[in-house]
Amino acid sequence: MLLGVLCLSAAELPPAPASSPIAPAQVGPAAGLESLPKHYQAITTEALRPNGDKEGRALPLAARWTANNFHDIDMSGPEGRGISYLFNLKRVMDDVDAGHYLMPFIAWPAPVDRDYFQGWNTMEPAFKRLAQAGLPFEVEAGNIEDHMFVNNPDPDWNRPMAENPANIRADMSGKVQAAVAAGASEFTATVWKAGTELLPAGAPLIFAGHGHVYTLAAPLVANAEGVATVKLATPLLKPLAAGEVLAHVSARMDFWSAAPTEVWERAGGNLVFKNTISDMATWKAMAAGYPNPPQVQIVSNNEGGGKVSMGEAAGSWHWATRQAEFAKQFPEPREDSLDRLAYAQGYVDKMRAYLRGMRRALPWKEQSILAIAYNGFGVNFEVGRWGGWRGNPVPLGKADMYEWLAWDGSAPDFYTYDWNYATDEHIGSPHIGAMQAYAMQVPSAEKNVPGYQWQLALWDGGVKKRFNYAQWGELPRTRKLGTVATAITTSGAQTIDITGAKPNSLVLRQGEMFSVEGHSEYRLVACQAGFDHLAINDPTASSGALGALAEGSDLGGVDLRGSTTYKAGRYEVYAAGTSLAEERYHFASAPWTDGTPISVHIAHLTNLDIGPRPGIDGWKPVTIANITARKKLPASIDCGSKAGLLLRNNAGQNAGFVALTVTPGGEIALSWRVSDWQAIATAPPVAIAAGATPWLKLERDGTAFVASYAIDGKTWKPVGRTADGVTLGKDTRAGLVAVAYNQPSMRLRMYSAAADVRADDKGVARIPLGTLPQAGPVAISERFPPIAPGAPVWFHNYMDRYEGLATYALWQTRPRILREFAWGEYNGVIEQQWQRCMRAVDGVWADPVLTRFWRLGTLVVNPEYEAATGHKHPMWELTDDDEGGRVGPWLGRWKKQDRFYQLSCPLNPPFKAWPQRYEVGYNTLPDSNNAVIKVWALAYVLGEAPKRQWLLLAQSPRQDRKAVQISIPGFGKTVVDVARSGSFYRLVEGQAKPEPVGLLPAVPRE
């Protein structure tokens, strides 16, 4: 291993390793760099460039997690199910030879092609090309730490308890009742829980008196007194004394164990020799074909179940029996708790040994092999957003994260997850999280762990996320493909015929998305409400006084801008939104004097069908004044419309409130949130006649509110009572609320091409539809009407947005390798994404300005966020402040470090309005006003005043934008055009005009 990576002193060094049994007998020197083609030389030089090199940072390389594209989703159409060897080594070497800057990659080698693995039988010719090029390469190894107890449990499995590396369960242990002779296989024991089946047949047990793991021949069942009959599958090898401890064994590594590190080192060797799909002959053939590579990276997911977690101390027999030993090892004062420190040190010692065994077993020089872990950085980009992240930051020496000391490097995620808010335009985006998780921490890792390999994993959320973007109107209509040739009036069509395409052109690539005008847009629904006899802040009024309200405003993202007007004693309100719970509604209000009742008469309430949603690109909200079609819907149609009274604690997110509303269908409902950020509660609804126009009233009752209604304005009937303890402060406002549910499952009905589509010489083409639920077949419904002949068919370009994500991920933290994770989709999509990922990396090499800033530039801090909010970063929980008192030792190291790099841009929400702390994760709505970042921007600076230069990177996920104003600390304001794929500009101190740089040729269609 690289000594600098693990920081071992001479006394700590293990004995010199024996030669690997699969290494070639004669290992010749690699070809000198000077004899290789220039392109190969550059890749090897940058891969081997040390941290802190005088020339600056190593230039990036591109690679992939999934060497082969595997489909785990049902594609019963042309693509089918199974594995496609899309990125076999021949393809990778072809990409290198084409001039791309890659770290060549292979899957863990199998003898022959199988499942997810390319076999040596088809890889060998390309591997010879790799050897001739003298290039480094990496092996995608899966979860390699899961193999310690697989197929080879002896002798490590059968060790005495104190030296057993497995997880012996302290919370699942008992005592033998009476002495038992050797050779016996049945006896009784007092166990850990009475009256239940504790373990199934086949479960492993161990006894304190001798080192052998037995298996149960029958289930372990305890009687009411906690006594169980133990039946073993094999007889006892040694006698058992009365009171001897027995315990359940879990076949996972336990880092509190006292087992010698040689056990883990042997397990690492077994990973190569016995516990994988490979075999000795394959390794020998690879070693003979490429005896002396300059570097081999073994890349592990490192997220399997083969090891205990730090939080399992209470269940570990090793932890329970070694506490005194650990206390001596970590005397007071301690930076962290004893169990965490002991686990972290055990992890470092044991995983070092495990990886050392792997290196020594592989057929290449140990010092040339690096072990890289996906989640081995200790934190991911959500650091600081929620308390659970604090498990890994355990300082050992000068390393903030203990994993840094075990692995040679890490490639944590820059992911837009497909299950939560982490899109590429949200406050919770990896762009924001990476500022403090990575940009702040990487310099520490590289400084305190010499040779540390900083890399980054990229994922766009896959097919689900991509279709979500398209279906929510976040991908522009890039070009018109043609028009529909034949009407489609019923659901189920698997193809769409078009005319008017460019003759003999490539209309669509496999997996590309398109929509059909007039069929794809959803219809907007609004609520129209009339209010009169409003009484606010007048305890003597019942139905006659009118309170003065503000014009009204929309909370959250809405598709239809609400409006409130007043004329002749009546308020007229138009509104859209989604619901009170999601905080997307229209609210016209006035300050409220605590304790006074509020009431109003609902003069009318109607659902409105506005028609197809206008304005697809950008999805800017429309106003009722711009809409002419306002079809009234019957009261029986449930579109979520409701209107009534609202008391709201403040304008902040998830504020406390009390609401009393009625629907067109005649349902009166009381709902409330007792205080900010609490759960919403509701009273049982009261039904009145559909279309009725009741009076509504809310009034205080101690610390609760009572709701009532009257049909005639005189005879009040109860609706319900809130819980006690409703807290409404001095900033509470009272007034009128209206909302209509306008959040269908999609805004556009999108389709995709199941195969490449070409037009004939007359411009006619047939588009086969994808078989994924999001992609086809044609769906005709109330919201998506029949497809009309002549309807325009529009292409929606996703790949520019993906390139922008890749570019920003690359420049946010400047990793050595940007490793793409993409799988389970059409090969056409994967092909395009890989091309864009390589393009983002190649751009750093292609432009000397970008190259210079990459190597030597300093990321510019923007102090305006802290000035506006008082915090250094939006996700500040457990970093700057910890209101829960769960303070960790890393706070002193991090608290004063600047870590906000997003530049100020007027198009984005003002910093003061951004959600913070755990609010970031709860602000999940696609169009939440305060959470969507329209333009990402960061800058690097070089030189000293007055001769500084800046490199500006700006990227706009949803649409290309013109004349965007961005402020750069030290330089000032500049105005630039911003592309979805990302735009670079150089700015020179004293010169106002930005210079575009990093321009690459347009991506060709063919």
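What you are looking at is a predicted structure, and each value in this text was computed from that prediction instead of being measured.

1. Focus: the overall build of the chain
Thinking step 1. Within the chain, the regular secondary structure consists of 18 helices and 53 strands.
Thinking step 2. Each of the 1006 residues in the chain was classed as buried or not, and the buried ones make up 58%.
Thinking step 3. With the model as given, the accessible surface of the chain reaches about 37800 Å², and the carbon-plus-sulfur share is 53%.

2. Quick look at the side chain of Gln833
Thinking step 1. Tracing the sequence through the fold places Gln833 in helix α14 (residues 827–846).
Thinking step 2. Judged by relative accessible area, which is 0%, Gln833 ranks as buried.
Thinking step 3. Among residues more than four places away in sequence, those in contact with Gln833 are Asp460, Arg466, Tyr798, Met799, Tyr802, Glu820 and Ala822.

3. Here we look at helix α15 (residues 848–856)
Thinking step 1. Considered for burial, the residues of α15 that qualify are Val849, Leu850, Thr851, Phe853, Trp854 and Arg855.
Thinking step 2. Its side-chain oxygen placed 2.8 Å from the backbone nitrogen of Val849, Asp847 serves as the N-cap of α15.

4. Points about the confidence of the model for the chain
Thinking step 1. Confidence along the chain averages 87 in pLDDT terms, with 88% of residues attaining 70 or more.
Thinking step 2. Below a pLDDT of 50 lies the segment residues 1–19, which in the model reaches 33 contacts outside its immediate sequence neighbourhood of four places, other chains included.
Thinking step 3. In the predicted structure, residues 882–887 sits below a pLDDT of 50 and forms eight contacts with residues beyond four places in sequence or in another chain.

5. Considering the environment of Phe784
Thinking step 1. Along the chain, Phe784 turns up in the loop between β44 (765–768) and β45 (792–796).
Thinking step 2. In this structure Phe784 comes out as buried when scored by relative accessible area, which is 9%.
Thinking step 3. Separated by 263 residues in the primary sequence, Phe784 and Glu521 place their C-alpha atoms 6.9 Å from one another.
Thinking step 4. The contacts of Phe784, once residues within four sequence positions are left out, are His519, Ser520, Glu521, Tyr522, Met746, Leu748, Arg749 and Ala779.

6. Notes on the sheet that holds strand β20 (residues 477–484)
Thinking step 1. Read from one edge to the other, the open sheet built from six strands follows the order β42-β23-β45-β20-β21-β44, with strand pairing classed as antiparallel. Looking at strand neighbours, the two that pair on one side only are β42 (751–752) and β44, the edges of this open sheet.
Thinking step 2. In terms of strand pairing, β20 meets strand β21 (residues 495–499) through two bridges, oriented antiparallel. The residue bridging Thr483 from the neighbouring strand is Thr499, located in β21.

Each value, and the rule that gives it
- Residues numbered from 1 in each chain as written.
- Predicted model: local features only at pLDDT ≥ 70, side-chain atom pairs only at ≥ 80, totals over all residues.
- Heavy atoms only, no water.
- Helix = DSSP H or I, 4+ residues; strand = E, 2+ residues; numbered from the N terminus.
- Buried < 20%, exposed > 50% of the residue type's maximum accessible area, 1.4 Å probe, protein only.
- Areas by Shrake-Rupley, 256 points an atom, 1.4 Å probe, with all protein chains shown as cover.
- Contact = heavy atoms within 4.5 Å.
- Polar contact = N/O pair within 3.5 Å; in protein donor to acceptor, adjacent residues only side chain to side chain.
- pLDDT = per-residue confidence, 0-100.
- Pairing = 2+ DSSP bridges.

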